[in-house]
Amino acid sequence: MSFARFAVRRLVEMVLTLLVASFAVFGAMYLAPGSPASFLLSGRSASPEAVAAINARYHLDDPFLLRYLHWLGDVVQGDFGRSLTYRTDVSRLLADRLPTTLMLVAMALVVVVVVGLLLGRIAAVRGGAVDSAVLVVTTLAIGTPSFVAAVLLQGLFAVQLGWFPSSGAGDGFWDTVFHLMLPAIALALYLIGLLARVTRTAMLEALGSEHVTVARSRGVPERLVIRRHVLRNSLGTLLTTGGLIVSTLLVCTVLVETAFSIGGIGQLLELSTSTKDFPTVQAVSLLIVGIFMAVNLLVDLVLPLVDPRITLGTRSAAA
């Protein structure tokens, strides 16, 4: 299969998946107990005329499929409706809050990649007591949920020591970086352990391969063996794990942003869910699904380029 044909096929699959996800996201509103009109009224009594006006405004009298198609048509045009809680366009809410979340995810991703790869490489190359120590550290990291790490880091470094702010996202680039340091570490901790374990396993497998033995027998310096043969042959596994890491970071931002009161889409989703702000919940959920699908598409397209052993349409190297 040619690369262009594979890319087109994956794009079509992504669009179809997004359509299914959009239907599920929209339909989830109607699985909640009570009618949408009752949530819009927030328990207040209203005249039949007021209820009829709400039904007409939100097309609640239309058949379900027609309501979905009307909503989907608006979404395709970038109109996610109006927030019931914030009384403003949902698109504006997303535009205001998404940069903060993306910056938090980017900072956490840098921490995960740098520390996770370093620990995994040290464990695989050094072995012995160093390997055992890394396994203990990564086990503790994997066993610490993001919200627990957030509370611990916040209590120690923000409240007790006062080194970092305990909440907010800051103003300006560097102030935002400073405010997001603790949240980024809390978000990254679990995934550092995961990436370190995956890196260690992939490198140990590569170290035991025949071409590494041949390279060593030819007198190739060990640092070049690690860089040219071991790390390069581990790229496929690491890139696949990287896609999982980005997706996990997006999901876990809800917990970390709430703990640190960061005004990103994670906290927006949590607040909108608690206040039954359906248009906002639908928009944020669909956005997260879209980013998740885009990351997976990117991984599928890049994998065959970095690892020739991986054929188009698969994520595993040939034996």
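Residues numbered from 1 in each chain as written. Predicted model: local features only at pLDDT ≥ 70, side-chain atom pairs only at ≥ 80, totals over all residues. Heavy atoms only, no water.

Looking at the overall build of the chain
Looking only at helices and strands, one finds twelve helices and zero strands in the chain. Helices (α) and strands (β) of the chain occur, in sequence order from the N terminus, as α-α-α-α-α-α-α-α-α-α-α-α. Going through the 319 residues of the chain one by one, you find that 41% of them count as buried. Of the contacts made within the chain by residues no fewer than 6 positions apart, 70% connect residues no fewer than 24 positions apart. When the accessible surface of the chain is split by element, carbon and sulfur atoms take 67% of a total near 16,700 Å². (Helix = DSSP H or I, 4+ residues; strand = E, 2+ residues; numbered from the N terminus. Buried < 20%, exposed > 50% of the residue type's maximum accessible area, 1.4 Å probe, protein only. Contact = heavy atoms within 4.5 Å. Areas by Shrake-Rupley, 256 points an atom, 1.4 Å probe, with all protein chains shown as cover.)

A closer look at the environment of alanine 158
Its place among the elements puts alanine 158 in helix 7 (residues 146–160). Distance in space between the C-alpha atoms of alanine 158 and leucine 182 is 8.6 Å, their sequence separation being 24 residues. Sequence-distant contacts of alanine 158, that is, excluding residues within four places in its chain, are made with Leu153, Phe164, Pro165, Ser166 and Leu182.

Describing helix 4 (residues 64–76)
Side chains that are three or four residues apart share a direction in an α-helix, a result of its 3.6 residues per turn. Taking 1.5 Å as the rise per residue, helix 4 with 13 residues should run 18 Å; its terminal C-alpha atoms sit 18 Å apart, in good agreement. Taken together, the buried positions of helix 4 are occupied by Arg67, Tyr68, Trp71, Leu72 and Val75. Down the axis of helix 4, the sector holding all buried residues measures 130°, keeping them to one side. Among the residues trailing helix 4, glycine 78 stands out with phi positive, at a value near 85°. (Expected span 1.5 Å × (residues − 1). Arc of directions from axis to C-beta.)

With respect to the packing of aromatic side chains
Here the structure, examined in full by the defined rule, presents seven aromatic pairs. Ring centres of tyrosine 68 and tryptophan 71 lie 6.3 Å apart, and the angle between their planes is 40°; this geometry places the pair in the tilted category. Of the two residues, tyrosine 68 and tryptophan 71 both sit in helix 4, three residues apart, roughly one turn of that helix. Across the pair, exposure class does not vary: tyrosine 68 and tryptophan 71 are buried alike. (Phe/Tyr/Trp six-rings, centres within 6.5 Å; stacked < 30°, edge-to-face > 60°.)

Thoughts on helix 6 (residues 128–142)
Under the 1.5 Å per step criterion, the end-to-end length of helix 6 is 21 Å for 15 residues, consistent within 8% with the ideal 21 Å. By the burial criterion, the buried members of helix 6 are Asp131, Val134, Thr138 and Ala141. For helix 6, the angular spread of buried residues about the axis comes to 85°, placing them on one side. Across helix 6 from its buried face, at more than 90 degrees, point the exposed residues Ala129, Val136 and Leu140.

So, the nonpolar core
Counting 30 residues, the largest nonpolar core has Val112, Leu187, Leu249 and Phe260 as its most contacted members. Every element with two or more residues in this core is listed here: helix 5 (90–126), helix 7, helix 8 (173–207) and helix 10 (222–259). At eleven residues, the largest contribution of residues to this core is made by helix 8. When near neighbours in sequence (up to four residues on either side) are disregarded, valine 112 contacts Leu117, Ala188, Leu191, Ile192, Leu195 and Ile245. Core analysis: the second largest hydrophobic core is formed by 17 residues, Tyr68, Trp71, Val75 and Ala283 among them. (Core = buried A, V, L, I, M, F, W, Y, C linked by side-chain atoms within 4.5 Å.)

A word on the pattern of salt bridges
Across all of its chains, the model carries four salt bridges by this definition. The partner of glutamate 13 in a salt bridge is arginine 10, and the shortest N-O contact between them spans 3.1 Å. A residue pair is termed a helical-turn pair when its members lie 3 or 4 positions apart in one helix, as glutamate 13 and arginine 10 do in helix 1 (residues 3–28) at three residues. On the basis of relative accessibility, which here comes to 33%, the residue glutamate 13 falls in the partly exposed class. By relative accessible area, arginine 10 is classed as buried at 10%. Linking aspartate 131 and arginine 200 is a salt bridge whose minimum nitrogen-to-oxygen distance equals 2.6 Å. Linking aspartate 131 in helix 6 with arginine 200 in helix 8, this pair joins segments that are 69 residues apart in sequence. You can call aspartate 131 buried: its relative accessible area is 12%. Counted as one network, the salt bridges with shared partners bring together Arg9, Arg10 and Glu13. (Salt bridge = Lys/Arg side-chain N within 4 Å of Asp/Glu carboxyl O.)

Remarks on unusual backbone geometry
Positioned with a positive phi, serine 261 is a non-glycine residue whose angle comes to about 50°. With respect to the secondary-structure elements, serine 261 resides in the loop between helix 10 and helix 11 (265–274). Exposure remark for serine 261: the relative accessible area of 39% places this residue in the partly exposed category.

Thoughts on the packing of helix 5 against helix 6
Closest axis-to-axis distance for the helix 5/helix 6 pair is 7 Å, and the angle between their directions is 145°. When you trace helix 5 past helix 6, the crossing you get is left-handed. In contact with Leu119, Ile122, Ala123 and Arg126 of helix 5, helix 6 contributes Gly128, Val130, Asp131 and Val134. Its residues assigned to classes, the contact of helix 5 with helix 6 comprises five nonpolar, one polar and two charged. (Axes fitted to C-alpha atoms, helices over the stretch in contact; angles between N-to-C directions. Left-handed = near helix turned anticlockwise from the far one by under 90°. Nonpolar A, V, L, I, M, F, W, Y, C, P; charged D, E, K, R; others polar.)

Focus on a nonpolar patch on the surface
The grouping of Val8, Val12, Val15, Leu16 and Leu19 at the surface amounts to a nonpolar patch, some 420 Å² of accessible area in total. Positionally, leucine 16 belongs in helix 1. (Patch = residues over 30% accessible without salt bridge, like charges linked within 9 Å, V, L, I, M, F, W, Y side chains within 5 Å.)

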